[in-house]
Amino acid sequence: MDEILKVKASELRTKVHSGEIKSVNIIEACLTRIKGTDFKVKAFLKLSEGRSLKQAAHSDEKIEKGEKYGFLEGIPIGIKDNIMIKGESMTSASKYLENYVSPYDATVIEKLKEAGAVFVGRTNMDEFAMGGSTETSAYQKTANPWDIRCIPGGSSGGSAAAVSAGMVPFALGSDTGGSIRQPASFCGVVGYKPSYGLISRYGACALASSFDQIGTLSKNVKDSALLASVISGRDYRDPVCEPREGIDYVSYIDSPDVLKTIKIGVPKQLLNYKIDAEIAKHFNEAVEKLKLSGTEIVEIDVAAYKYVPALYKVIMCAEVSANIATFDGIRYGYRTSSSKNLNDEYAKSRAESLGYEVKKRILFGTYVLGAKNYYKCYHQAQRVRTLFINQITDAYGKCDFIFSPTTLQMPVKFGETLMEECDIFLTAANLAGLPGITVPCGFANSDMPMGVHFMGSRFSDVKLFQVANAFEKISGFDMNKYPEL
Ligand code: GLN
């Protein structure tokens, strides 16, 4: 592996902008790494080889000539395949969108273009981000770079694997119920989901609109903060995007004493779950490390955690059923070649192009929204969601951050299933619109990595980055270690 690929994004930025290294050399190194290893990992669905090299040459020229250049000028990035780049395909890993060409840029893409970032390629994912293993992709199964017999997690498994394998320094993902943070943990990288409304979702393919957020995957916390600084901020085109200006998270990130000033809450409910023994061991060690750094650890009680999986399922599927209704085979996307009438056309177009997981969720979502079930299922779930949010809000009266293992299980082999509660502490953040970040904390005996998860109160993202950054320094995890491929 080329040494240049071990340089983290924030340092790459300094080196490229000072003229010490050329963006073209970095992009070439990324492409070589991808070509040499991605036949095993299958993180990318599509590479933009010619365009990224051309763009890098242009960035180098601007820097050389002393012309105005962007904040991330010449720095490579991977983009999950459910975020639109004007004039390029976006499949969301579904056959339905196989030939779809994005008519406009997502807001995050617009911001990254303005910043001069170089889009190396599109990363694989679960179909329409439905899944936690990247196995529901209609195109390929991505492998975990630490053990290619195992899943990388999902749905942003392509982005996580690409960053983990050193193919790109960072990548964009989307997180509806843990889809950035779970694969980040499985692949040994940092994954950040912002507070709901901090980063525009305009131009991202919707899964469940009241949960969806775009976020970041990177080798360290600082690089996630760097990327978040570029893509966050108000956007009138996303109605739930907060009217807040973007923040330069990096300038706040170093706060050496932050761990001494905070209270960390560990949910009592952790004991109710069957947690992998090695994850439990590493988590307890992480708690001890925080204590040694002066952090006060308190126990919190959020009884409604037990409702999280069911709540998520009912509300997410209901929103899926509404969102995917636009995929009718007529306006855009796949259309069947033989149909008898209009209804037949809808049915066949969807039956022929959507995967099993997507169909299952549409059916379940339509069921819970049906006139007979609406009150007892969907409406009731929304009420319990409020109950859960109230309990979490109360917990923040006792602590500043909620701390848990990122997942309750280690990555499984292909074809095996994760237990339903595996991501419960991640999904909790989406249900309540809270920010969450996973930081790698160690390796299991199997040599597979794992992470711990910090969840902050709404819009505590600046402090969340500070805490995660401080934890990273005491975690003992070597982020200069890359999987051998
Ligand atoms: N694994 C969860 C699901 O299958 C989360 C998906 C996501 O966050 N996009 O729905």
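Our subject in this report is the structure included herewith. (Residues numbered from 1 in each chain as written. Predicted model: local features only at pLDDT ≥ 70, side-chain atom pairs only at ≥ 80, totals over all residues. Heavy atoms only, no water.)

### Some words on the environment of Ser353
Next, step 1: Relative to the helices and strands, Ser353 is located in helix H12 (residues 342–353).
Next, step 2: Taking relative accessible area as the criterion, Ser353 reaches 3% and is therefore assigned buried.
Next, step 3: In this structure, Ser353 is in contact with Ser94, Lys95, Tyr96, Glu127 and Tyr334, ignoring residues within four places of it in sequence. (Helix = DSSP H or I, 4+ residues; strand = E, 2+ residues; numbered from the N terminus. Buried < 20%, exposed > 50% of the residue type's maximum accessible area, 1.4 Å probe, protein only. Contact = heavy atoms within 4.5 Å.)

### Side note on the site of the ligand
Next, step 1: As a structural note, the neighbourhood of the ligand is formed by Ala129, Gly131, Gly132, Ser155, Asp175, Thr176, Gly177, Gly178, Ser179, Leu207, Tyr312 and Arg361.
Next, step 2: Separating an oxygen atom of the ligand from a backbone N or O atom of Gly178 is a distance of 3.5 Å.
Next, step 3: Relative to its unbound accessible surface of 290 Å², the ligand loses 92% to contact with the protein.
Next, step 4: Assessed atom by atom at 2 Å from the grid points, the ligand resides in the largest pocket. (Near = heavy atom within 4 Å. Polar contact = N/O pair within 3.5 Å; in protein donor to acceptor, adjacent residues only side chain to side chain. Areas by Shrake-Rupley, 256 points an atom, 1.4 Å probe, with all protein chains shown as cover. 1 Å grid on protein atoms, 1.4 Å probe; cavity = no way out; pocket = protein on both sides within 12 Å on 5 of 7 lines; lining within 4 Å. Sits in = over half its atoms within 2 Å of the grid points.)

### Regarding the layout of surface pockets
Next, step 1: The computed volume of the largest pocket comes to approximately 890 Å³.
Next, step 2: If you go around the largest pocket, you meet 35 residues; those closest to its centre are Gly131, Gly132, Glu357, Arg361 and Glu420.
Next, step 3: Mapped by element, the contributors of at least two residues to the lining of the largest pocket are helix H11 (308–324), helix H13 (356–369) and helix H15 (424–432).
Next, step 4: Per-element tally for the lining of the largest pocket: the top contributor is H11, with six residues.
Next, step 5: Classifying every residue of the lining of the largest pocket by side-chain character gives 14 nonpolar, 13 polar and eight charged.
Next, step 6: Considered as a void within the structure, the second largest pocket measures approximately 450 Å³ in volume.
Next, step 7: Tyr104, Gly203, Ala204, Cys205 and Ala206 are, among the 23 residues lining the second largest pocket, the residues nearest its centre. (Points joined across faces, edges and corners; volume = space filled by probe spheres on them. Nonpolar A, V, L, I, M, F, W, Y, C, P; charged D, E, K, R; others polar.)

### Quick word on the sheet that holds strand S6 (residues 213–218)
Next, step 1: An order of S1-S3-S2-S4-S6-S5-S10-S11-S9-S7-S8 is seen for the eleven strands of this open sheet, with the pairing classed as mixed. Two strands in the sheet have a free side with no partner beyond their single neighbour: strand S1 (44–47) and strand S8 (296–300). The mean angle between the axes of side-by-side strands here comes to 30°, regardless of whether they run parallel or antiparallel.
Next, step 2: Pairing geometry for strand S5 (residues 190–193) and S6, over three bridges, is antiparallel. When the bridges of S6 are listed, Tyr192 appears paired with Thr216.
Next, step 3: In this fold helix H7 (residues 221–231) packs onto strand S2 (76–80), strand S4 (170–175), S5, S6 and strand S10 (436–443), with an angle of close to 145° to the strand it touches most, S6. (Pairing = 2+ DSSP bridges. Axes fitted to C-alpha atoms, helices over the stretch in contact; angles between N-to-C directions.)

### Here we look at unusual backbone geometry
Next, step 1: The linkage connecting Gly154 with the following residue, Ser155, adopts the cis geometry, with an omega of 10°.
Next, step 2: Inspection of the secondary structure assignment puts Ser155 in the loop between strand S3 (118–123) and helix H5 (157–164).
Next, step 3: You will see that Thr134, though not glycine, has its phi angle at about 70°, which is positive.
Next, step 4: Structurally, Thr134 can be placed in the loop between S3 and H5.

### Here's the deal with the packing of aromatic side chains
Next, step 1: Overall, the coordinates contain 19 aromatic pairs when judged by the stated rule.
Next, step 2: Aromatic pair Phe128 and Phe327: ring centres 5.0 Å apart, planes at 35°, arrangement tilted. Linking Phe128 in the loop between S3 and H5 with Phe327 in the loop between H11 and H12, this pair joins segments that are 199 residues apart in sequence.
Next, step 3: Residue class for Phe327 comes out buried when judged on its relative accessible area of 6%. (Phe/Tyr/Trp six-rings, centres within 6.5 Å; stacked < 30°, edge-to-face > 60°.)

### A short note on the packing of H11 against helix H14 (residues 375–395)
Next, step 1: Direction vectors running N to C along H11 and H14 enclose 130°, while the axes themselves pass 9 Å from each other. Judged on the interaxial angle alone, H14 and H11 are oblique. The crossing of H11 and H14 is left-handed. Residues Val308, Leu311, Val314, Ile315, Ala318 and Glu319 of H11 form the contact with H14, whose own contacting residues are Cys377, Tyr378, Ala381, Gln382, Val384, Arg385 and Phe388.
Next, step 2: For the contact of H11 with H14, the residue count by class is ten nonpolar, one polar and two charged. (Parallel < 35°, antiparallel > 145°, perpendicular 65-115°, else oblique. Left-handed = near helix turned anticlockwise from the far one by under 90°.)

### Some details on helix H4 (residues 107–115)
Next, step 1: Buried within H4 we find Thr107, Val108, Ile109, Leu112 and Ala115.
Next, step 2: For H4, the elements touching its buried residues are S2, S3, S4, S6 and H7.
Next, step 3: Of the residues trailing H4, Gly116 is marked for its positive phi of about 85°.

### Description of the packing of helix H1 (residues 9–17) against H7
Helix packing for two helices is described by the angle between their axes and how far apart those axes are.
Next, step 1: Relative orientation of the contacting elements H1 and H7 amounts to 65°, with a least axis distance of 8 Å. When the axes of H1 and H7 are compared, the pair comes out roughly perpendicular. Taking contact as the criterion, the partners of Ala9, Ser10 and Arg13 in H1 are, on H7, Lys222, Asp223 and Leu226.
Next, step 2: For the contact of H1 with H7, the class distribution of residues is two nonpolar, one polar and three charged.

### Points about the side chain of Arg361
Next, step 1: Counting through the fold element by element, Arg361 comes out in helix H13.
Next, step 2: Overall, the relative accessible area of 12% leaves Arg361 in the buried class.
Next, step 3: When residues no more than four places from it in sequence are discounted, the contact partners of Arg361 are Met130, Gly131, Met316, Cys317 and Val320.

### Some thoughts on the environment of Lys473
Next, step 1: Mapping Lys473 onto the fold places it in helix H16 (residues 461–474).
Next, step 2: The spacing of Lys473 and Pro256 is 217 residues in sequence and 9.9 Å in space, taken between C-alpha atoms.

### Thoughts on a nonpolar patch on the surface
Next, step 1: On the surface, a cluster of nonpolar side chains totalling about 250 Å² of accessible area is made up of Ile330, Leu342 and Tyr346.
Next, step 2: Within the secondary structure layout, Tyr346 lies in helix H12. (Patch = residues over 30% accessible without salt bridge, like charges linked within 9 Å, V, L, I, M, F, W, Y side chains within 5 Å. Salt bridge = Lys/Arg side-chain N within 4 Å of Asp/Glu carboxyl O.)

### Here we look at empty space enclosed by the protein
Next, step 1: Under the defined criterion, the tally for this structure stands at three cavities of 30 Å³ or more.
Next, step 2: Its boundaries defined by the atoms lining it, the largest cavity holds a volume of some 60 Å³.
Next, step 3: Every residue lining the largest cavity is listed: Asn82, Ala129, Ser174, Thr176, Arg201, Ala204, Cys205, Leu207, Asp212, Gln213 and Ile214.
Next, step 4: Its residues placed into classes, the lining of the largest cavity shows five nonpolar, four polar and two charged.
Next, step 5: Looking at the second largest cavity, its volume works out to about 50 Å³.
Next, step 6: For the second largest cavity, the full set of lining residues is Leu5, Val7, Lys8, Ala9, Gly166, Val168, Pro169, Lys219, Asp223 and Tyr482.

On their own, these measurements won't tell you what the molecule is for.
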